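Results of the structural survey
Here are the chains, one letter per residue:
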Amino acid sequence: MADANPWPTELRLHKDRRTLTIAFDNGETFDLSAEYLRVRSPSAEVQGHSPDERKTVGGKRNVAILEVVPVGNYAVRLVFDDLHSTGIYSWDYLAELGRKYEVYWQDYLAELAGKGLTR
């Protein structure tokens, strides 16, 4: 089983600014798209203050990451080119996004379809 609290050993924003690679000390490595990170932002704007308030964010297929800003030694804040910048991505949350990518992505695509939204 994967370590519950992995520590990052690499965090790299690709030149096209559309993929963030994160590697952890337990051997896991994930390539996370800017679109995926944007629509799964941990911010209150996206997540709400309860599960019932969570928003489905469409239209982010071409979003890019402008900046990766360290937050202490436990997280990063991502600044996207649509000016969204309020989510704090902890190392644990980034690991969760990588591990659960298939489920979260399929849920997102189903939510978009159910609401008549596009990527």
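Scroll up for the structure.
These lines cover the structure that appears in this document, whether it is placed above or below.

Cut-offs applied
Residues numbered from 1 in each chain as written. Predicted model: local features only at pLDDT ≥ 70, side-chain atom pairs only at ≥ 80, totals over all residues. Heavy atoms only, no water. Helix = DSSP H or I, 4+ residues; strand = E, 2+ residues; numbered from the N terminus. Rg over C-alpha atoms; globule rule 2.2 N^0.38 Å. Buried < 20%, exposed > 50% of the residue type's maximum accessible area, 1.4 Å probe, protein only. Areas by Shrake-Rupley, 256 points an atom, 1.4 Å probe, with all protein chains shown as cover. Lys, Arg positive; Asp, Glu negative; His and termini not counted. Charge placed at Lys NZ, Arg CZ, Asp CG, Glu CD. Pairing = 2+ DSSP bridges. Axes fitted to C-alpha atoms, helices over the stretch in contact; angles between N-to-C directions. Polar contact = N/O pair within 3.5 Å; in protein donor to acceptor, adjacent residues only side chain to side chain. Contact = heavy atoms within 4.5 Å. 1 Å grid on protein atoms, 1.4 Å probe; cavity = no way out; pocket = protein on both sides within 12 Å on 5 of 7 lines; lining within 4 Å. Points joined across faces, edges and corners; volume = space filled by probe spheres on them. Nonpolar A, V, L, I, M, F, W, Y, C, P; charged D, E, K, R; others polar. Core = buried A, V, L, I, M, F, W, Y, C linked by side-chain atoms within 4.5 Å.

1. What about the overall build of the protein chain?
- On a plain count of helices and strands, the protein chain comes out with 4 helices and 6 strands.
- Start at the N end of the protein chain and walk to the C end: the helices and strands fall as β-β-β-α-α-β-β-β-α-α.
- The C-alpha radius of gyration computed for the protein chain amounts to 14 Å, which stays within 12% of the reference 14 Å derived for 119 residues, consistent with globular compactness.
- For the protein chain, with 119 residues in total, the buried portion stands at 39%.
- When the accessible area of the protein chain is evaluated, it comes to approximately 6,600 Å², of which 50% is carbon and sulfur surface.
- Separation of charge centres in the protein chain, based on 15 positive and 18 negative side chains, amounts to 6 Å.

2. Quick word on the sheet that holds strand β2 (residues 19-24)
- Pairing in this open sheet of 3 strands is antiparallel, and the strands run β1-β2-β3 from one edge to the other. A strand with exactly one partner marks an edge of an open sheet, and here the two such strands are β1 (8-13) and β3 (29-33). Adjacent strand axes in the sheet meet at a mean angle of 15°, parallel and antiparallel pairs treated alike.
- Inspection of the sheet shows β1 paired to β2 by 5 bridges, in the antiparallel sense. Residue pairing for β2: proline 8 is matched across the bridge by phenylalanine 24.

3. Focus: the side chain of serine 43
- Summarising the element assignment, serine 43 is placed in the loop between α1 (34-39) and α2 (44-47).
- Reaching out from serine 43, the side chain makes a polar contact with the side chain of serine 41 at a distance of 3.2 Å.
- Sequence-distant contacts of serine 43, defined by excluding residues within four places in its chain, comprise Gly48, His84, Thr86 and Gly87.

4. Remarks on empty space enclosed by the protein
- Taken as a whole and judged by the stated rule, the model has 1 cavity of 30 Å³ or more.
- If you add up the space inside the largest cavity, you get close to 40 Å³.
- In terms of residue class, the lining of the largest cavity is built from 2 nonpolar, 1 polar and 4 charged.

5. Some remarks on the nonpolar core
- Counting 26 residues, the largest nonpolar core has Leu32, Leu37, Leu78, Tyr89, Leu94 and Leu97 as the members making the most contacts within it.
- Put simply, the parts of the chain that give this core at least two residues each are β2, β3, α1, β5 (75-80), α3 (91-99) and α4 (101-115).
- With 5 residues, the single largest contributor to this core is α3.

6. Concerning the side chain of histidine 84
- With respect to the helices and strands, the residue histidine 84 is situated in the loop between β5 and β6 (88-90).
- On the basis of relative accessibility, which here comes to 4%, the residue histidine 84 falls in the buried class.
- Side chain to side chain, histidine 84 and glutamate 45 meet in a polar contact 3.2 Å long.
- Setting aside its immediate chain neighbours within four residues, histidine 84 contacts Arg38, Ser41, Ser43, Glu45, Val46, Leu78 and Val79.

All quantities given are derived from atomic positions and should not be read as evidence of function.
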